There are 2 protein chains.
Amino acid sequence: MNTHSNTLRRATIKEVAEAAGVSRSTASRALSGTGYVAENVRSRVRQAAKELGYVVDATARSLKQQSSRLIGVLVSDLRNAFYSAFAAGAAHACRSEGYTMVLLDDRGHGDEETSAAETFVALRVAGVVGTPVSATLSEYLGRHRIPLVEADRRFSEASVSAVVVDNRAAARATTEHLLALGHRRIALLLDETAWTTGRERAAGYADALRAAGHDVDPTLTVPTGWDVDAASAASRTLLQRDDAPTAVFAANNLLAEGAWRAAADLGISIPDQLSLVAFDDAPWMSMVKPGITAVSQDAEAVGAAAVASLIAELRGTQRAPRTVTIPTRMIHRGSTAIATRR
Amino acid sequence: MNTHSNTLRRATIKEVAEAAGVSRSTASRALSGTGYVAENVRSRVRQAAKELGYVVDATARSLKQQSSRLIGVLVSDLRNAFYSAFAAGAAHACRSEGYTMVLLDDRGHGDEETSAAETFVALRVAGVVGTPVSATLSEYLGRHRIPLVEADRRFSEASVSAVVVDNRAAARATTEHLLALGHRRIALLLDETAWTTGRERAAGYADALRAAGHDVDPTLTVPTGWDVDAASAASRTLLQRDDAPTAVFAANNLLAEGAWRAAADLGISIPDQLSLVAFDDAPWMSMVKPGITAVSQDAEAVGAAAVASLIAELRGTQRAPRTVTIPTRMIHRGSTAIATRR
DNA sequence: CAGCGCTATGACATCGTTCCCACATCGTAG
DNA sequence: CTACGATGTGGGAACGATGTCATAGCGCTG
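Because the structure is predicted, anything quoted here is derived from the model rather than measured. (Residues numbered from 1 in each chain as written. Chains lettered and ligands numbered in written order. Predicted model: local features only at pLDDT ≥ 70, side-chain atom pairs only at ≥ 80, totals over all residues. Heavy atoms only, no water.)

Draft legend 1. A look at the interface of chain A and chain B. Facing the 53 residues of chain A at the interface are 53 residues of chain B. For the pair chain A and chain B, the summed buried surface comes to about 5000 Å²; carbon and sulfur atoms form 58% of the total. Between chain A and chain B we count eight salt bridges in total. With a shortest N-O distance of 3.5 Å, Glu300(B) and Arg79(A) are connected by a salt bridge. (Contact = heavy atoms within 4.5 Å. Buried area = accessible area lost by both parts, 1.4 Å probe. Salt bridge = Lys/Arg side-chain N within 4 Å of Asp/Glu carboxyl O.)

What follows is the structure in structure tokens.
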């Protein structure tokens, strides 16, 4: 390349202007493409910029323009495939719209969420998308007038846009599938009942039972912790009860893994002795035998849609809080069968 | 909160200073903690900042200080568990050292890598860690004097620091394990031979064979593409040969998945008819039956170490390019057995 | 040829922060 | 009593980019 790397300091627009024999203003106009610039001057400035290896200083530009091309993305746990797929979708959407993603991982802690919000404010991001763990995210950002799009679950339905899946309908359909197979004692493994995801999945489950004329047995709704081990332990207890369920509906991929491991440990055969359905598909579910029937939610699409929605708001294309629902798809594999006595 | 959100504009340090009855300089000193400030003044300023909901403008600070607290992180594909774990480790390390991560995903494309580098330069990041796909990353950043730490694989050994695993030794140990079980026709599935990871894994494989007095059959080293389907197709062909291998060593988790699916499709039983070992562990490997024996590399640790190494360089604690090697661990499950004729 | 509109350019202020100085006060050593 | 270091504070100049505004040349119309 013909880049002059002999200077220690980075090239500024002033140097580009001098090299091209014009003023800073003209150089700025030539590079950004706004305002009048003669064609030959423009190419002269472009050439000078290229030769000097000039790259605009985004910090200076942001300061002057009082807005940045950064989008803050907050997820709960990057190691979880759901969130990493979400982040991948968000990253791609940001990039294709000319924004840069600042990704933070709050590890599910409320206090980290607050400090993440502070970081976003300090960076003067144009907007934020995130999977919140409380309403503080939207409150804090709202106070600083930074647009937010909540994803996966909602905490501030009235005031901010969101991208979610229809948890209730999907959970209802799943439960109906199990009911149709003759199951009556269907357990529901839940992670977090304070979140809309958990609440709505439970509601859909209850809808299906009630619509079929059955009562909801509260002892069959089991809130476990957040990790596979906790889910596995809870499942063990559940499956060893005298009135053990004949089917388990796990509300996320981690819970499904826990339930699956518990069944394997106890020598309970799927689907002969136990039917298992998961909310949220994962790669392993198509590799084990039998495959696990699951409600697949396209986390990448959720991330991309959340960013798209945010950018639409930034552009002023769309004003009022809006909710986008990403469709789910039920993938039938072999983990459910007609209910039998155990 | 007692935050005055009645102002439309965000509070600046000037407003904080006025509210506390001091000058901007003093306010700045009080908040940043550098230089002389009387204790009562300091707390008065802090209080004023709190009441106004003041958050420092990182763009203005970066501009003035000519350095930011941002670290650029570049990965190849966030949807791949290896990279998302890497990003999770990097995110955590950044945060705990007071840096903020800017995460970019080049989807394995060289041209996206260049534009990612440009983005990092524009943002004036303090440094970059990444899993490069070519030497252009280090060249570009080097030209702009931005420190880089290469992770997972290397392209610029002489000039930049790196965090890797000992691919050669691990591949050799894996191959030796298969040799010890009596396997002689051992296939090696590779992704990318232009990368140090692929080259070194191949070298370790060859080391083991040669040390045991065997020739390396070039037809048994199969470079497949990047996705599961390609690996599966290549494996199919391989396993249907007259002189099919009795063992397959897959150089990453995607290749292992492809090989596993091919074997399942062809009705080839693991480990009776085929032994399978993977480089890079994945969740499904402990869930299928039998479990897949794998070389586990702690991608999270690699990400964290890369950031730690970068920050050490930024602090000047450590100068010369340095290579950190993260240990691998071989996890024996049930996918290998004594070689038998097929 | 006066007047107008359009193209084209540069001077200069500005964004919010930091930090180098100059300056002020006070206590104390010489 | 003066000089000096230590402590504390404020004025003002940067950092690099943008954008407003003033200015000027030019072609055209009436």
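Read on for the rest.
Draft legend 2. Quick look at the sheet that holds strand β9 (residues 275-279) of chain A. Residues and elements named next belong to chain A. Overall, mixed pairing links the six strands, which are arranged β7-β6-β8-β9-β10-β12 in an open sheet. Looking at strand neighbours, the two that pair on one side only are β7 (221-223) and β12 (328-331), the edges of this open sheet. Sheet twist, expressed as the mean angle between neighbouring strand axes with direction ignored, is 15 degrees. Pairing geometry for strand β6 (residues 186-190) and strand β8 (residues 247-250), over four bridges, is parallel. (Pairing = 2+ DSSP bridges. Helix = DSSP H or I, 4+ residues; strand = E, 2+ residues; numbered from the N terminus. Axes fitted to C-alpha atoms, helices over the stretch in contact; angles between N-to-C directions.)

Draft legend 3. Broad picture of the side chain of Ser309(B). Residues and elements named next belong to chain B. With respect to the helices and strands, Ser309 occurs in helix α12 (residues 299-314). At 3.4 Å, the side chain of Ser309 and the side chain of Arg322 are in polar contact. Apart from the residues within four sequence positions on either side, Ser309 is in contact with Val149, Ser161, Gln318 and Arg322. (Polar contact = N/O pair within 3.5 Å; in protein donor to acceptor, adjacent residues only side chain to side chain.)

Draft legend 4. Here's a closer look at the packing of helix α6 (residues 110-122) of chain B against helix α7 (residues 136-143) of chain B. Residue and element names in this part refer to chain B. Where α6 contacts α7, the two axes come as close as 9 Å, and the packing angle between them is 25 degrees. It follows that α6 is roughly parallel to α7 by the angle criterion. For the crossing formed where α6 meets α7, the hand is right-handed. Residues Glu113, Thr114, Ala117, Glu118 and Val121 of α6 form the contact with α7, whose participating residues are Thr136, Leu137, Tyr140 and Leu141. (Parallel < 35°, antiparallel > 145°, perpendicular 65-115°, else oblique. Left-handed = near helix turned anticlockwise from the far one by under 90°.)

Draft legend 5. Up close: the protein's contact with DNA strand D. Arg9(A), Ile13(A), Tyr54(A), Arg29(B) and Gln66(B) are the nearest of the 27 residues found near DNA strand D. The sugar-phosphate portion of DNA strand D accounts for 57% of its atoms within 4 Å of the protein, the bases making up the rest. A distance of 3.1 Å separates a base nitrogen of DNA strand D from a polar atom in the side chain of Arg24(B). At the level of elements, α2 (24-32) and α4 (58-65) of chain A together with α2 (24-32) and α4 (58-65) of chain B are the ones that each hand at least two residues to the surface near DNA strand D. When residues in the surface near DNA strand D are grouped by element, the largest group, five residues, is from α4(A). For the surface near DNA strand D, the per-class residue count stands at eleven nonpolar, eight polar and eight charged. (Near = heavy atom within 4 Å. Nonpolar A, V, L, I, M, F, W, Y, C, P; charged D, E, K, R; others polar.)

Draft legend 6. Main features of the domain arrangement of chain A. Residue and element names in this part refer to chain A. What the domain assignment lists for chain A is domain 1 (13-56), domain 2 (68-165 + 299-328) and domain 3 (167-297). Averaged C-alpha coordinates put domain 2 and domain 3 at centres separated by 29 Å. Facing twelve residues of domain 2, the contacting portion of domain 3 comprises 15 residues. Together domain 2 and domain 3 conceal approximately 1100 Å² of surface at their shared face, both sides included; 55% is due to carbon and sulfur atoms. Considering only the surface of domain 2 that becomes buried against domain 3, Arg153, Val165 and Thr328 emerge as the three largest contributors, covering 40% of it. Linking domain 2 to domain 3 there are zero salt bridges. Applying the counting rule to domain 2 against domain 3 returns three residue pairs in polar contact (both at pLDDT 80 or more). Here the side of domain 2 that touches domain 3 is composed, by residue class, of six nonpolar, two polar and four charged. (Domains from an automatic or database assignment.)

Draft legend 7. Structural view of the environment of Leu310(B). Looking at the secondary structure, you find Leu310(B) in helix α12. Setting aside chain neighbours within four positions, we find Leu310(B) in contact with Ile71(B), Gly127(B), Val128(B), Val129(B), Pro147(B), Leu148(B) and Val149(B).

Draft legend 8. Up close: the protein's contact with DNA strand C. Around DNA strand C, a shell composed of 26 residues is seen, among which Thr26(A), Arg29(A), Tyr36(A), Ile13(B) and Tyr54(B) lie nearest. The share of sugar and phosphate among atoms of DNA strand C within 4 Å of the protein is 60%. Contact distances for DNA strand C include 3.2 Å between a base nitrogen and a side-chain N or O atom of Ser25(B). Residue Ala60(B) places a main-chain N or O atom 3.4 Å away from a base nitrogen belonging to DNA strand C. Only α2 and α4 of chain A together with α2 and α4 of chain B provide two or more residues apiece to the surface near DNA strand C. When its residues are assigned to classes, the surface near DNA strand C shows ten nonpolar, eight polar and eight charged.

Draft legend 9. Structural detail: the relation of the copies chain A and chain B. Take chain A, turn it by 180 degrees, move it 0.0 Å along the axis, and it overlays chain B with an RMSD of 0.1 Å. As the rotation angle and translation indicate, the two copies are arranged about a two-fold axis. Comparing contact sets, 100% of the residues at the interface of chain A also lie at the interface in chain B, consistent with an isologous, same-surface contact. (Least-squares fit on C-alpha atoms with pLDDT ≥ 70 in both.)

Draft legend 10. Region of the structure containing the pattern of salt bridges. Tallied over the full model, the rule gives 32 salt bridges over all chains. Glu176(A) serves as the salt-bridge partner of Arg172(A), at 2.8 Å between the closest nitrogen and oxygen. In this pair, Arg172(A) and Glu176(A) are both assigned in helix α8 (residues 167-180), four residues apart and thus about one turn of the helix distant. The class for Arg172(A) is partly exposed, based on a relative accessible area of 31%. Where Arg315(B) meets Glu97(B), a salt bridge forms, and the shortest distance between an N and an O atom there is 2.9 Å. Separated by 218 residues along the polypeptide, Arg315(B) in the loop between α12 and β11 (323-326) and Glu97(B) in the loop between α5 (81-96) and β2 (100-105) bring together distant segments of the chain. The exposure class of Arg315(B) is exposed, given its relative accessible area of 53%. Glu97(B) gets classed as partly exposed once you look at its relative accessible area, which sits at 33%. (Buried < 20%, exposed > 50% of the residue type's maximum accessible area, 1.4 Å probe, protein only.)

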